[in-house]
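# Inside the fold
If you want the building blocks of each chain, they are given just below.
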Amino acid sequence: MTLRLKGAAASRGNALGRARVRFPHALEVDERRIPAANVEAELQRLHLAVDAAREEMHHLRERLQGALTKEVGEFLDLHALLLDDPELLHGLDELIRTSRYGAEYALRLQRDRLAAVFDGMEDAYLKSRMDDLDHVIGRIHAFLQKRQPEPKGLAGEILVCAAIAPSELAQLQAQGVVAIVATTGSALSHSAILARSLHLPLVTGVADALARIKDGDVLIVNGASGEIILDPSPADLREHQALRRELAREQRQLGKLRSKPTRTRDNVDIVLLANAESREDIARAHALGAGGLGLYRTEFLFMQRQRPPDEEEQFHTYRDAVLGMSGRPVTIRTLDLGADKADHSGLTLADEENPALGLRGVRLSLARPAVCDTQLRAILRASGYGPVRVLIPMVSGREEIMAIRRRLKRVAAQLRAQGHALAERIPVGAMIEVPSAAIALDGFIDDVDFLSIGTNDLVQYLLAADRNNQALGELYSPLHPAVLRLLSQVIATGQAAAKPVAVCGEIAGDAALAPILLALGLTEFSLHPSTLLEMRRAIRDIDLGALQATRAKLLQARDRKGIERWLQRMGGTPLS
Ligand code: PEP
Ligand code: MG
């Protein structure tokens, strides 16, 4: 019987396929003791399995190609590190040597011990590393059982699982998986970001997926709406096929806009910048005619590793981004670690009571001056290769901007004295994502060269609604009168001072919301390249003058419904 399940739309795309259900690694292993005489042989069996898992990781690493090499590679490196972790390995040896457990049972006991430690961790990011550990332990177990890495014949299948590790995604896609449904996770997780880059449909948070779906069930996954249809009816199948044809046609149509200007019907040019981190994103941004990079998130360079990247590594990465955009400006955001973006290198605090309000973004940079200066040096050196702008995250007031400016000035003087070629002038901008910065903007607008509004965080701090908490549902939404009024105020303050203002949060890539941002006076959007052409099409359909004439009406909306009614009157797509 047809059944519909709903989750969070984490990566768009439609897929039809048979379900491959993967239960979490509970390691259902019975207790097994071994005689003293077999201890050495059992240890050897375990060590061979660990070696084989290591070897497998190594091969996977070598086979990685293309733009995602860096991101996926970092997760594989993390898994390789776990395979060398003395805590894990010595514990296993001890359980075999002293308690004389069989290797499989020792693995299970050790997994449960470590799970208890991870469970007790406050830090959500560290807690989520248990998925990585489970993956690694699962591989050792598979080698003990001499099982193949992944079941063969995944082609055309939809993986249904509890959690998906970012490092698995590229491999699963290469094996033919066409979509993934997970019972946990969120649309803002690393897996979701990677799935979007890979164009692999992903629906997360489908709580009862593992209880309802069996191996071999036929599923339709709609990665844009988050809907899963189990055992689809003939009408569902027809609808799915029609949707696919429609999507293919739309892609062809969109492709024609590659070299077209982003110009409204009444001839106003709008700037589309790109949010990009990987080389592939940069190449796409360039190919689609983005006006530059509006947000280059540097913290991804710092995550998943034991030591922060040094000046040379950062310099090469930033320089390549600059070269990749061949003359178009590249906005490099200084480190925005902290909260849900914790690191392994010990820069962020592990025991903060309330990390979203803690030592993150520019606060962390200022608390770690040596790390901050190293990054500023690398950014400044990259400016010798093309236009670079520096963007400061999590600014709460003027002091932080002035502190970074002072450091920049000092570091630039040192670099020049050392003979480096730097740009004459490096524009410095502030992310507006903390309400205090938005409200007090007129006090420091003269101290910045441009603004970038981070609506992802601005919405969470303004509405006191955690951006990662699915349970809050519509409470976390930009469609709130307070959000629109504050956006309007920030845009107006920036423009009155002739400072460019962009929005770089996720809403800037949502074509359905384009009329709102345009009505509020926004002329620069920074968005992921995957949605750039859709946004260009939406903008080309808009009569900006007519839209802006209704700005007062939009700002008078008293609630979400009022904003939605305005959007519908403006011909926007109804929101789900
Ligand atoms: C934002 O907060 O809107 C933003 C773009 O930054 P991040 O998502 O990296 O916090
Ligand atoms: Mg932010």
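Now for a description of the structure that goes with this document. What you see as residue numbers is a count from 1 along each chain, following the sequence as written. Chain labels run from A onward and ligand labels from 1 onward, assigned in the order the entries are written. Restriction of local features to residues with pLDDT of at least 70 applies here, the model being predicted, together with a cutoff of 80 or more for giving and counting side-chain atom pairs; totals for whole chains, interfaces and linings are based on all residues. The side-chain values count all of the structure's non-hydrogen atoms but skip hydrogen atoms and water molecules.

### Quick notes on the overall build of the protein chain
Heads up, the condition is: Elements are defined by DSSP. Helices are runs of H or I of four residues or more, strands are runs of E of two residues or more, and each kind is numbered from the N terminus. The quantity called the radius of gyration is restricted to C-alpha atoms. Its globule counterpart is 2.2 Å times the number of residues to the power 0.38. Only protein chains enter the calculation, and the probe is 1.4 Å; a residue is then buried if its accessible area is under 20% of its type maximum, exposed if over 50%, and partly exposed in between. All accessible areas in this document rest on Shrake-Rupley with a 1.4 Å probe, and a residue is counted as covered only by the protein chains that are shown. Positive charges are assigned to Lys and Arg, negative charges to Asp and Glu, while His and the chain termini are left out of the count. We put the charge of a Lys on NZ, of an Arg on CZ, of an Asp on CG and of a Glu on CD.
Summing up its helical and strand segments, the protein chain has 23 helices and 16 strands in all. On C-alpha atoms alone, the protein chain measures out to a radius of gyration of 25 Å, which is about the 25 Å that the 2.2 N^0.38 rule sets for 576 residues. Principal-axis analysis of the C-alpha atoms gives the protein chain an extent of 85 × 70 × 40 Å. By the burial criterion, 55% of the 576 residues in the protein chain qualify as buried. Of the roughly 25,200 Å² of accessible surface on the protein chain, 52% is carried by carbon and sulfur atoms. The averaged location of the 74 negative side-chain charges in the protein chain is 6 Å from the averaged location of its 73 positive side-chain charges.

### A closer look at the site of ligand 1
Filter applied, for reference: Note on terminology: near, applied to a residue and a molecule or strand, indicates that one of the residue's heavy atoms is within 4 Å of it. Under this definition, polar contacts are N or O atom pairs within 3.5 Å; protein pairs additionally need one hydrogen-donor-capable and one acceptor-capable atom, and for neighbouring residues in sequence, both atoms have to be side-chain atoms. A cavity here means a set of 1 Å grid points, computed over protein atoms only, where a 1.4 Å probe fits but cannot escape. A pocket is an open set with protein on both sides within 12 Å along at least 5 of 7 lines, and lining residues have an atom within 4 Å of a point. More than half of a molecule's atoms within 2 Å of the grid points is what it takes for that molecule to sit in a cavity or pocket. Gly falls in the polar group here, along with every residue not listed as nonpolar (Ala, Val, Leu, Ile, Met, Phe, Trp, Tyr, Cys, Pro) or charged (Asp, Glu, Lys, Arg).
Around ligand 1, the surrounding shell holds 14 residues, and the nearest of these are Arg297, Arg333, Gly454, Asn456 and Arg467. In this structure, an oxygen atom belonging to ligand 1 sits 2.8 Å away from a side-chain N or O atom of Arg297. Here Asp457 contributes a side-chain N or O atom positioned 3.0 Å from an oxygen atom of ligand 1. Against a free-state accessible area of 280 Å², the protein chains account for coverage of 99% of ligand 1. Among the cavities detected, the one that contains ligand 1 is the largest cavity. Elements that contribute at least two residues to the shell around ligand 1 include exactly strand E10 (293-297) and helix H17 (455-463). Looking at the shell around ligand 1, its residues break down into three nonpolar, four polar and seven charged.

### Some details on the coordination of the magnesium ion (ligand 2)
The criterion, for reference: Only N, O and S atoms count as donors, using a 2.8 Å cut-off from the metal and 3.2 Å for Na, K and Ca, and because water is excluded some sites may appear unfinished.
Only Glu433 (OE) and Asp457 (OD) from the protein coordinate the magnesium ion (ligand 2), and they sit 2.1 to 2.2 Å from it. Taken as a pair, Glu433 in the loop between strand E13 (428-432) and helix H16 (435-439) and Asp457 in helix H17 lie far apart in primary sequence, 24 residues in all.

### What about the pattern of salt bridges?
Defined as follows: When a carboxyl oxygen of Asp or Glu lies within 4 Å of a side-chain nitrogen of Lys or Arg, that pair is called a salt bridge.
Scanning all chains against the criterion turns up 35 salt bridges. The salt bridge partner of Arg4 is Asp236, with a shortest N-O separation of 2.7 Å. Here Arg4, found in strand E1 (residues 3-6), pairs with Asp236, found in helix H9 (residues 234-255); they are 232 residues apart in sequence, far enough to count as distant. Connected through shared salt-bridge partners, Glu299, Arg333, Asp336, Arg360, Asp457 and Arg467 make up one network.

### Examining the sheet that holds strand E5 (residues 179-182)
Using the following cut-off: One requirement defines pairing of two strands: DSSP has to find at least two bridges between them. Throughout, an axis means a line fitted to C-alpha atoms (over the contacting stretch in the case of helices), and angles, computed between N-to-C directions, take values from 0 to 180 degrees.
The mixed open sheet is built from eight strands, whose spatial order is E1-E8-E7-E3-E4-E5-E6-E2. Both outer strands of the open sheet, E1 and strand E2 (8-11), are each paired with one neighbouring strand and no more. On average, each strand axis in the sheet is tilted by 30° relative to the strand beside it, whichever way the strands run. Inspection of the sheet shows E1 paired to strand E8 (residues 227-230) by four bridges, in the antiparallel sense. The residue of E8 that forms the bridge with Leu5 is Ile228.

### Looking at the environment of Ala115
Inspection of the secondary structure puts Ala115 in helix H4 (residues 103-119). Sequence separation between Ala115 and Gly338 is 223 residues, and the spatial gap between their C-alpha atoms is 23 Å.

### With respect to the nonpolar core
A general trend in soluble globular proteins is that nonpolar side chains are found buried together. Note the cut-off: The criterion is simple. A nonpolar core is a set of buried Ala, Val, Leu, Ile, Met, Phe, Trp, Tyr and Cys residues joined through side-chain atoms within 4.5 Å. The criterion used for residue contact is that any of the two residues' heavy atoms lie within 4.5 Å.
In terms of nonpolar packing, the biggest core is built from 96 residues, with Ile432, Ile516 and Phe525 touching the most fellow members. Considering each element in turn, this core owes the most residues, seven residues, to helix H14 (residues 369-382). In this view, Ile516 contacts Leu479, Leu484, Leu554, Ile563, Trp566 and Leu567; residues no more than four positions away in its chain are not counted. By size, the runner-up hydrophobic cluster in this structure holds 32 residues, among which are Leu46, Ala53, Leu88 and Ile140.

### Let's talk about the packing of H14 against helix H15 (residues 398-417)
Filter applied, for reference: What sets the label is the angle itself: under 35 degrees gives roughly parallel, over 145 gives roughly antiparallel, 65 to 115 gives roughly perpendicular, and the rest give oblique. Here is the rule for handedness: rotate from the far helix to the near one, and if that takes an anticlockwise turn smaller than a right angle the crossing is left-handed, while a clockwise turn gives right-handed.
With their axes 9 Å apart at the nearest point, H14 and H15 run at an angle of 60° to one another. Comparing the axis directions of H14 and H15 gives the class oblique. In the crossing of H14 with H15, the sense of the turn from one axis to the other is right-handed. Residues Pro369, Cys372, Asp373, Leu376, Arg377, Leu380 and Arg381 of H14 lie in contact with H15, whose contacting residues are Ile404, Arg407, Leu408, Val411, Ala412, Gln414 and Leu415.

### Observations regarding the sheet that holds E10
Taken in spatial order, the eight strands close into a barrel running E9-E10-E11-E12-E13-E14-E15-E16, and their pairing is parallel. Across the sheet, the mean angle from the axis of one strand to that of its neighbour is 25°, orientation sign disregarded. Examined bridge by bridge, strand E9 (residues 271-275) and E10 share two bridges and lie parallel to one another. Residue Asn275 lies in a different strand from E10, and its bridge partner there is Leu295. Contacting E13, strand E14 (450-453) and strand E15 (501-503), helix H18 (residues 481-496) crosses the sheet at an angle of about 165° to E14.

### Digging into unusual backbone geometry
Positive phi values are uncommon outside glycine, yet Asp231 reaches one of about 55°. Relative to the helices and strands, Asp231 is located in the loop between E8 and H9. A relative accessible area of 40% places Asp231 in the partly exposed class. For Ala498, which is not a glycine, the phi torsion comes out positive at approximately 55°. Accessibility expressed as a relative area gives 67% for Ala498, which makes it exposed.

### Topic: the pairing of E8
One ladder, built from four bridges, connects strand E7 (residues 218-222) with E8; its direction is antiparallel. The residue of E8 that forms the bridge with Ile220 is Ile229. With antiparallel pairing between neighbouring strands as the criterion, E7 and E8 make up a hairpin whose turn holds four residues, including Gly226 at a positive phi of roughly 80°.

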